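Examination of the molecular architecture
One-letter residues, chain by chain:
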Amino acid sequence: MNPPANPPENAFTDLPDLALRAYGGAVVAASDESFAEKENLIRPGRPSFRPHTFGARGQVYDGWETRRRREPGHDWALVRLGVPGTVRGVVVDTAHFTGNHPACASVEAAAVDGYPAAGELRAAEWTEIVPRSPLRGDAEHVFEVADGRRYTHVRLNAFPDGGVARLRVHGEPRPDLSIHEGLSLDLAALENGGLVTACSDAFYSSPHNVVAPGLARHQAEGWETTRRRDGGNDWLVIRLAGAGIVKLAEIDTTNLVFNAPGWASLTGTGPDGETALLPRTRLLPDTRHRFRIEDGPAVTHVRVDIYPDGGLARVRLHGVLDR
Ligand SMILES: NC(=O)NC(NC(N)=O)C(=O)[O-]
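Within every chain, residues take consecutive numbers counted from 1 along the sequence as written. At least 70 in pLDDT is required for a residue's local features to be given in this predicted model, at least 80 for side-chain atom pairs to be given and counted, and no such filter applies to totals for whole chains, interfaces and linings, which use all residues. Hydrogens and water molecules were not included; the side-chain quantities draw on all heavy atoms of the structure.

1. A few points about the overall build of the protein
Per the secondary structure count, the protein includes one helix and 21 strands. In terms of overall size, the protein behaves like a compact globule, its C-alpha atoms giving a radius of gyration of 21 Å where 323 residues would be expected to give roughly 20 Å. Overall, the C-alpha framework of the protein stretches about 65 × 45 × 30 Å when taken along its three principal axes. Burial status follows relative accessibility: with a 1.4 Å probe on protein chains alone, a residue under 20% of its type maximum counts as buried, one over 50% as exposed, and anything between as partly exposed. Burial status across the protein gives 54% buried among its 323 residues. Strands here mean DSSP runs of E at least two residues long; helices mean DSSP runs of H or I at least four residues long; both are numbered from the N terminus. Here the globule rule is a power law, 2.2 Å times the number of residues to the power 0.38, and the radius of gyration is based on C-alpha atoms.

Put into structure tokens, the structure is as follows:
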């Protein structure tokens, strides 16, 4: 999620990239990756470029690059989304590929639950979500997707061959929660369908990071705001995996050593209105705080207020789904 504080509504690039490696995405197969490896497609961060870094196979690119095709057909890469979901838009980024970018690209999507092997995936039913479109070199191509179905995999087609730096697949998470039936789970986690739907400020790093899997390895893998000068406070809103009762909240300031918030509070919203889940509570820098939440009602959204600013590495809201 990019600045500014009030992004335009429905800008799909503000939704999380469901294919991101950090969320568990994987490039499970590709027709070819002679020049540069397919895994680069879903790496976090902007693609880098160092000129004249020629290795034994040619210039080294931060992207997926196939060899010059001498037979009919086209190249493709198959991506498993880290979290299944509704795809709202795709970005095909040819950053730094000039003279060797594909002439055109298209994107297809499929829904295959379980653990399909690459061969099984290729035989799946694929739906075109981005029609074959011309590409330019060294450019981000932004394609909105109107199809509202849930998908688990996408396939990038490069016509006829060439290099693509990144493939971003923005959307809303829709995992299958049946496996959690009768169990507690992190209702905020992106992998369980939690989604940050609003935030006051995303200047340094994305608020989606607070619901990402695992621990943040450094400050940029968490959410960080600017220094606030107006007397207010920063906040974000998490839409939970479903209506649920939060029983344990984890507020993690790890890696925020000199810029951790001084305090935080949690407010739930649900069918019964607004409920204070955690009153304004003092936080320490660089610490994973855990708080029991007693007797809360079922809520669908939780607002996390931090005072006055700073950011958080992670927010975990463990609880049970309300039937
Ligand atoms: N990785 C490469 O060297 N690719 C290309 N060549 C240069 N110089 O970038 C190409 O497609 O021939």
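Once the structure has been displayed, the description carries forward.
2. What to know about the site of the ligand
The nearness test applies per residue and asks whether one of its heavy atoms lies within 4 Å of the molecule or strand. Near the ligand the following residues occur: Phe35, Gly58, Gln59, Tyr61, Glu65, Arg68 and Asn100. As used in this structure description, the phrase polar contact means that two N or O atoms lie within 3.5 Å; if the pair is within protein, one of them must be able to donate a hydrogen and the other to accept it, and residues adjacent in sequence are counted only when both atoms belong to side chains. Gln59 has a polar backbone atom sitting 2.9 Å from a nitrogen atom of the ligand. Between Glu65 and the ligand, the recorded distance is 2.8 Å, taken from a side-chain N or O atom to a nitrogen atom. Calculation on the ligand without its partners gives an accessible area of 320 Å², and the protein chains cover 77% of this total. As a working rule, the residues Ala, Val, Leu, Ile, Met, Phe, Trp, Tyr, Cys and Pro are called nonpolar, Asp, Glu, Lys and Arg charged, and the rest polar, with Gly in that last group. Among the residues making up the shell around the ligand, the classes are represented as two nonpolar, three polar and two charged. The Shrake-Rupley method, run with a 1.4 Å probe sphere, supplies the accessible areas, and residue values consider only the shown protein chains as cover.

3. Quick look at the nonpolar core
Within the largest apolar cluster, 64 residues are counted, with the highest numbers of intra-cluster contacts made by Ile129, Ile238 and Leu317. Residue-level mapping places this core at the junction of two domains, with at least three residues from each of domain 1 (12-173) and domain 2 (178-321). Think of a nonpolar core as a cluster: buried Ala, Val, Leu, Ile, Met, Phe, Trp, Tyr and Cys residues, connected wherever their side-chain atoms sit within 4.5 Å. In terms of nonpolar packing, the next biggest core, distinct from the first, is built from six residues, Ala29, Trp76, Ala110 and Leu121 among them. Start and end positions for the domains come from either an automated domain assignment or a database one.

4. Some words on the packing of aromatic side chains
Note on aromatic contacts: the rings of Phe and Tyr and the six-membered ring of Trp form a pair at centre separations within 6.5 Å, being stacked when their planes are under 30 degrees apart, edge-to-face when over 60 apart, and tilted otherwise. Using the criterion set out here, one finds three aromatic pairs in the structure. A ring pair is formed by Phe203 and Tyr204, whose centres lie 4.9 Å apart and whose planes are at 90°; its orientation type is edge-to-face. The exposed category is assigned to Tyr204, whose relative accessible area is 51%. Through pairs of rings, three or more aromatic residues link up here, namely Phe49, Tyr61 and Phe97. Only Lys NZ and Arg CZ are tested; either one counts as a charge over a ring when it is within 6 Å of the ring centre and within 35 degrees of the ring normal. For Arg280, the ring lying beneath its charged end belongs to Trp263, and the centroid distance is 4.8 Å. Across from the ring centre of Tyr307, 4.3 Å away, lies the NZ or CZ of Arg280, which sits over that ring.

5. Observations concerning the side chain of Arg316
Examined against the element boundaries, Arg316 turns out to sit in strand S21 (residues 314-321). At 2.8 Å, the side chain of Arg316 forms a polar contact with the backbone oxygen of Ala212. Apart from residues lying up to four places away in sequence, Arg316 is in contact with Asp186, Val210, Val211, Ala212, Pro213, Gly214, Leu248, Ala249 and Glu250. When checking whether two residues touch, look at their non-hydrogen atoms; a contact exists if any pair is within 4.5 Å.

6. A closer look at the side chain of Asp147
With respect to the helices and strands, Asp147 occurs in the loop between strand S8 (140-144) and strand S9 (150-159). Among the polar contacts listed, one links the side chain of Asp147 to the backbone nitrogen of Arg149, at a separation of 2.8 Å. Within the local environment of Asp147, its side chain forms a polar contact with the side chain of Tyr151, the two groups lying 2.8 Å apart. Setting aside anything within four residues of it in sequence, one finds Asp147 in contact with Thr86, Val87, Thr127 and Ile129.

7. A short note on the domain arrangement of the protein
Examined at the domain level, the protein breaks down into domain 1 (12-173) and domain 2 (178-321). Taking only C-alpha atoms into account, the centre of domain 1 sits 31 Å from that of domain 2. Throughout, buried area stands for the accessible area (probe radius 1.4 Å) lost by two parts on being put together, summed over both. Buried surface at the junction of domain 1 and domain 2, both sides included, amounts to about 720 Å², of which 69% is carbon and sulfur. A pair is scored as a salt bridge if a Lys or Arg side-chain nitrogen falls within 4 Å of a carboxyl oxygen belonging to Asp or Glu. Where domain 1 packs against domain 2, one counts one salt bridge.

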